[in-house]
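Listed here are the chains, written in short residue letters.
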Amino acid sequence: MNKPVKQHLIDPEICIRCYTCEMTCPINAITHDDNNVVVNADICNFCMDCIPVCPTGSIDEWRVVQTPYTLEQQFEFEELPEQEDIEAAPASGDEEAVDPIAALLAEAHKGAGGKAKAPLSAGKPTVNMYTLGKPARMKVQGNYPLTRDPDHDVRHIILDPGALPFPVLEGQSVGIIPPGTDAEGKPHLPRLYSISSPRDGERAGYHNISLTVKREDKGLASNYLCDLEQGAEVEVTGPFGATFLMPSTAESHLLLICTGTGSAPMRAFTMQRQRSGATGGMTMFFGARTPDSLPYFGPLKKVPETLLKQHLVFSRQPDQDKEYVQDRILAEQDRVAELLEDGRTHIYICGLRGMEEGVELALTSIAESLGQQWTALRDAMREDGRYHVETY
Ligand SMILES: Cc1cc2nc3c(=O)[nH]c(=O)nc-3n(C[C@H](O)[C@H](O)[C@H](O)COP(=O)(O)OP(=O)(O)OC[C@H]3O[C@@H](n4cnc5c(N)ncnc54)[C@H](O)[C@@H]3O)c2cc1C
């Protein structure tokens, strides 16, 4: 099997055939026939010179493909082909996922109990646009503490890609390349971080992205990120992830279950639902040790219940019994059962791997109260693109 490659394409349904891109390309990678303007995958070096000059945005299309579309195939396009789901596919070899990012994502999504699927109505994700060899350089616009617990430093970091196109959907991740080299003199491998801002930017229309990063003791990338100063430059790969995405249907209900930095994609979902005026509502079970160690504790207080019904659950509050997300899910059994029975419910679980077992047990018990077997219900939801797990 070939190694997946990124291919630059032009959307024939939007392109107005002005040929500005063809005239701008410094290496003659763009050509046309009577039908379409197309990019030659053998020549294109992703210099991006053609992107800002396109008046329609039809030039900004990318697919990760096992075999690039030929010029002849592209001349025949009436519409762009869908992105194949090769997120967790082996980069080469039939048995093993050897692409480290694909392997990390496949491992993170394992808790769904089978091959993850995107919601049917999800937007079309762009993946693997920037790589270790050709990362995007982004400027740090801000780095703000999200917690007050000194043993649990979590930061909200805003990155600006400037003029570079960096199309994202909520639920996707980026890779951060820590500077320097490893013991063998090779560049460090990127670490994955969920994007915590919505598709049109941390600030609407600005197309900047934010991350939610927890400082790990002696961790290379997390300490590098948490210590970044405004104006610093960061090398970013991605975006990554083609399945942990939100539905576009306004009436869907999102059941969000998270701990710690697992709140990052949930923040992106919440902001996007707020911006898009979705009506279906969201219910969140969010676990932390204390309010001081729960990222976004302050901002969450301002989110209206009609948009997001919140269950903030604490396991180390002085003078209170320990409570974990699964305990609150069970305490809210009737409402969760209603949601499990509703075909408009999409479940997202994100955070530390350790949270999965308790949540599974709680959902098993609630499914049983409905006379259903949880694994069968879960598998049906997953096949329907309505059950998503991302744990690390
Ligand atoms: C899909 C996905 C999404 C993710 N999203 C997020 C997110 O949104 N936010 C987030 O914060 N993280 C996220 N992560 C985790 C993140 O990718 C990193 O794994 C994490 O930040 C640790 O990376 P690091 O480079 O700091 O640690 P590394 O340097 O890779 O070290 C790994 C671990 O080993 C320990 N360690 C390293 N060196 C030593 C040493 N000398 N002695 C003792 N211990 C040591 C560190 O404490 C750390 O826990 C995600 C992971 C995945 C797979």
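So, here's what we can say about the structure.

Cut-offs and rules
Residues numbered from 1 in each chain as written. Predicted model: local features only at pLDDT ≥ 70, side-chain atom pairs only at ≥ 80, totals over all residues. Heavy atoms only, no water. Salt bridge = Lys/Arg side-chain N within 4 Å of Asp/Glu carboxyl O. Buried < 20%, exposed > 50% of the residue type's maximum accessible area, 1.4 Å probe, protein only. Axes fitted to C-alpha atoms, helices over the stretch in contact; angles between N-to-C directions. Helix = DSSP H or I, 4+ residues; strand = E, 2+ residues; numbered from the N terminus. Parallel < 35°, antiparallel > 145°, perpendicular 65-115°, else oblique. Contact = heavy atoms within 4.5 Å. Nonpolar A, V, L, I, M, F, W, Y, C, P; charged D, E, K, R; others polar. Arc of directions from axis to C-beta. Core = buried A, V, L, I, M, F, W, Y, C linked by side-chain atoms within 4.5 Å. Domains from an automatic or database assignment. Pairing = 2+ DSSP bridges. Near = heavy atom within 4 Å. Polar contact = N/O pair within 3.5 Å; in protein donor to acceptor, adjacent residues only side chain to side chain. Areas by Shrake-Rupley, 256 points an atom, 1.4 Å probe, with all protein chains shown as cover.

Digging into the pattern of salt bridges
In step 1: Summed over the entire model, instances satisfying the criterion amount to 24 salt bridges.
In step 2: The partner of Arg 155 in a salt bridge is Asp 153, and the shortest N-O contact between them spans 3.3 Å. Take Arg 155 and Asp 153: they sit in the same class, and that class is buried.
In step 3: Measuring nitrogen to oxygen at the nearest pair gives 3.1 Å for the salt bridge that ties Glu 184 to Lys 186.
In step 4: Residue Glu 184 is classed as exposed on the basis of its relative accessible area, which comes to 64%.
In step 5: In this structure Lys 186 comes out as partly exposed when scored by relative accessible area, which is 46%.
In step 6: One continuous salt-bridge network, built from bridges that share partners, spans Lys 117, Glu 360, Arg 378, Asp 379, Arg 382 and Glu 383.

Considerations on the packing of helix α9 (residues 355-369) against helix α10 (residues 374-383)
In step 1: In contact at an axis separation of 8 Å, α9 and α10 are set at 105° when each is read in the N-to-C sense. In terms of their interaxial angle, α9 and α10 are classed as roughly perpendicular. Contact residues: Glu 360, Leu 363, Thr 364 and Ala 367 in α9; Trp 374, Leu 377 and Arg 378 in α10.
In step 2: Class assignment for the residues of the contact of α9 with α10 results in 4 nonpolar, 1 polar and 2 charged.

Quick notes on helix α8 (residues 333-341)
In step 1: Listing the buried residues of α8 in full gives Val 336, Ala 337, Leu 339 and Leu 340. Each buried residue of α8 lies within a common arc of 160° when the element is viewed along its axis, so the set occupies one face. Away from its buried face, by an angle of more than 90 degrees, α8 presents the exposed residues Asp 334 and Glu 341.
In step 2: Elements in contact with the buried residues of α8: β11 (253-259), β12 (282-288), α7 (325-331), β14 (345-351), α9 and α10.

Some remarks on the nonpolar core
In step 1: The biggest cluster of nonpolar side chains holds 38 residues, and the ones touching the most others in it are Ile 30, Leu 159, Phe 166, Ile 176 and Ile 209.
In step 2: At the level of secondary structure, the elements contributing two or more residues to this core comprise β3 (37-39), β5 (136-145), β6 (154-160), β7 (173-177), β9 (209-214), α4 (220-226) and β10 (233-240).
In step 3: Counting only domains with at least three residues in this core, you end up with domain 1 (1-80 + 107-115) and domain 2 (136-240).
In step 4: Residue contacts for Ile 209: discarding those within four places in its chain leaves Met 138, Ile 157, Ile 158, Leu 159, Phe 166, Val 168, Val 174, Ile 195 and Ser 197.

Digging into the pairing of β12
In step 1: With 7 of its 7 residues buried, β12 lies for the most part within the structure.
In step 2: Burial along β12 is two-sided: the residues Met 282, Met 284, Phe 286 and Ala 288 and Thr 283, Phe 285 and Gly 287 are all buried.
In step 3: By the bridge criterion, 6 bridges tie β11 to β12 in an arrangement that is parallel. In the strand pairing of β12, Ile 257 is matched with Phe 285.

As for the site of the ligand
In step 1: Near the ligand lie 19 residues; those nearest to it are Leu 192, Tyr 193, Asp 217, Ala 221 and Ser 222.
In step 2: Ser 194 is positioned with one of its backbone polar atoms (N or O) 3.2 Å from an oxygen atom of the ligand.
In step 3: Within the backbone of Ala 221, one N or O atom sits 2.7 Å away from an oxygen atom of the ligand.
In step 4: Within the complex, 67% of the 970 Å² of free accessible area of the ligand lies under protein.
In step 5: Only α3 (100-108), β8 (191-194), β9 and α4 provide two or more residues apiece to the shell around the ligand.

Considerations on the environment of Pro 295
In step 1: Along the chain, Pro 295 turns up in the loop between β12 and α6 (297-301).
In step 2: With relative accessibility at 0%, the residue Pro 295 sits in the buried group.
In step 3: The sequence separation of Pro 295 and Leu 146 amounts to 149 residues, and the corresponding C-alpha distance is 5.1 Å.
In step 4: With residues up to four places along the chain from it excluded, the contact list for Pro 295 reads Leu 146, Thr 147, Val 154, Thr 212, Gly 260, Ser 263, Phe 286 and Leu 300.

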